[in-house]
Amino acid sequence: MEAPAIFTEKEAYQQSFNPREYLKEFYSMNDSKDGGNVFLTQNLKLLHKMFSLDGLRGNTLIDVGCGPTIYQLLSACEHFQEITALDYTDRNRQELEKWLRNEEGAFDWVPVVKYVCELEGDREKWAEKQEKVRKKVKQVLKCDVTKANPTAPVSLPPADCIVSTLCLEGACKDLPTFHSALRNIGTLVKPGGHLVMLTTLGDTYYTFNNQVFSCLHVEKHEVEAAVEAAGFEVKFSEVQPYTVSDDRMDCSGFLGVVARKCPSAT
């Protein structure tokens, strides 16, 4: 499928992004398609590695651009006590809340949770981990990463850590906007706190359910430069090449970054 010539505006996400179809396409562990599991397992391994790093501990964690997903919290929940999840689209937040309340018909994350538990050494702890995530996510709020205060009109106290996975490259139409969005979300973390970020590299689109969504083509050095310009010091940066032939996107790899907010940064 061809990449979109135009940027997918946030209104398009609000109106036509179908969280159930997105989850089914990208987060089903039993996916028979080539690359279905590779996309997911590569990201889970990278998150596990980043959240195992020294110093990545604290009381509060803010998840910026959570979408309808919890995979990005499965390693994180072992090291933080209270989690706030943020996303722009109402349906994404509703889908996430459905799972948090353990409602009938919510997406089945069990295979993914079991995989992460296996990475951590005990597959059988999956039920305990699910419960941990449900208990620790204290609120789910609307956010807009293009605003100086992404959670306006709500103001959150700065957190010990923010995590953002596969979000900014979808929300930003160009590199200046990407820089600006990183500065905006950087205000959500306290000086000395951490940013954990997972970004697609070289990607211009992703598609599911016969819809195409634009993606900002970024490379490793561009992401690192934007993180540093936002007042952070990069502590860890690793590329996982994505070599699977996958017609759902044209990404060349995933970049995992852990950065510490400079104590002098505001």
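Under an unreviewed UniProt entry, the name given to the protein chain is NNMT methyltransferase, and the organism recorded is Xiphorhynchus elegans. Under the heading Sequence similarities (unreviewed entry), UniProt records this for the protein chain: "Belongs to the class I-like SAM-binding methyltransferase superfamily. NNMT/PNMT/TEMT family."

Asker: Got a minute to help me understand the confidence of the model for the protein chain in this structure?
Answerer: Any segment with low pLDDT has predicted coordinates that should not be analysed in fine detail. A residue-level look at the protein chain finds 95% of positions with pLDDT of 70 or above and a mean pLDDT of 94. Confidence drops under a pLDDT of 50 for residues 31-35, and excluding neighbours within four residues, the segment shows 11 contacts in the predicted structure.

Asker: Would you explain the side chain of Arg93 in this entry?
Answerer: With respect to the element layout, Arg93 can be found in helix 4 (residues 90-100). Engagement of the side chain of Arg93 in a polar contact is seen with the backbone oxygen of Asp87, the distance being 3.0 Å. Ignoring sequence-local partners within four residues, the contact set of Arg93 consists of Asp87, Tyr88, Val140, Leu141 and Lys142.

Asker: Got a minute to help me understand the UniProt feature "binding site: S-adenosyl-L-methionine" (unreviewed entry) in the protein chain in this structure?
Answerer: Here the UniProt-annotated "binding site: S-adenosyl-L-methionine" (unreviewed entry) positions come out as Tyr22, Tyr27, Tyr71, Asp87, Asn92, Asp144 and Val145. Sequence-wise these annotated residues cover 124 residues; spatially they are dispersed, their C-alpha atoms as much as 23.9 Å apart. Turning to its location among the elements, Tyr27 is positioned in the loop between helix 2 (19-26) and helix 3 (36-51). Beyond its immediate sequence surroundings of up to four residues, Tyr27 is in contact with Tyr22, Phe39, Leu40, Thr69, Tyr71, Phe107, Trp109, Val112 and Leu166. Within the local environment of Tyr27, its side chain forms a polar contact with the side chain of Tyr22, the two groups lying 3.1 Å apart. Relative to the helices and strands, Asp144 is located in the loop between strand 3 (137-142) and strand 4 (159-165).

Asker: I would appreciate a short explanation of helix 6 (residues 126-136) in the present structure.
Answerer: Think of an α-helix as turning once every 3.6 residues; residues three or four places apart then point the same way. Among the residues of helix 6, those classed as buried are Lys129, Gln130, Val133, Arg134 and Lys136. In this fold, the buried residues of helix 6 make contact with strand 2 (80-87), helix 4, helix 5 (110-119) and strand 3.

Asker: Looking at this model, I keep getting lost on helix 8 (residues 175-186). Mind explaining?
Answerer: Taking 1.5 Å per residue as the helical rise, helix 8 with its 12 residues ought to reach 16 Å, and the 16 Å between its terminal C-alpha atoms agrees with that figure. Within helix 8, burial applies to Thr177, Phe178, Ala181, Leu182, Asn184, Ile185 and Gly186.

Asker: Help me out: how do you make sense of unusual backbone geometry in this one?
Answerer: A negative phi angle characterises most non-glycine residues, just as the trans form characterises most peptide bonds. Following Ala152, the chain continues into Pro153 via a peptide bond in cis, with omega recorded as 10°. Within the fold, Pro153 resides in the loop between strand 3 and strand 4. Despite not being glycine, Asn102 shows a phi value in the positive range, around 60°. Within the secondary structure, Asn102 is located in the loop between helix 4 and helix 5.

Asker: Please clarify how the nonpolar core should be interpreted in this entry.
Answerer: In terms of nonpolar packing, the biggest core is built from 54 residues, with Tyr27, Phe39, Trp109 and Tyr206 touching the most fellow members. A per-element tally of this core places helix 3 first, with seven residues. Those residues in contact with Phe39 that lie beyond four places of it in its chain are Phe26, Tyr27, Leu166, Tyr242, Arg248, Met249 and Phe254. Among the nonpolar cores identified, the runner-up in size contains 31 residues, and Leu86, Leu168, Ala226 and Ala230 belong to it.

Conventions we followed
Residues numbered from 1 in each chain as written. Predicted model: local features only at pLDDT ≥ 70, side-chain atom pairs only at ≥ 80, totals over all residues. Heavy atoms only, no water. UniProt positions renumbered as here; feature names shortened; annotations may be inferred. pLDDT = per-residue confidence, 0-100. Contact = heavy atoms within 4.5 Å. Helix = DSSP H or I, 4+ residues; strand = E, 2+ residues; numbered from the N terminus. Polar contact = N/O pair within 3.5 Å; in protein donor to acceptor, adjacent residues only side chain to side chain. Buried < 20%, exposed > 50% of the residue type's maximum accessible area, 1.4 Å probe, protein only. Expected span 1.5 Å × (residues − 1). Core = buried A, V, L, I, M, F, W, Y, C linked by side-chain atoms within 4.5 Å.

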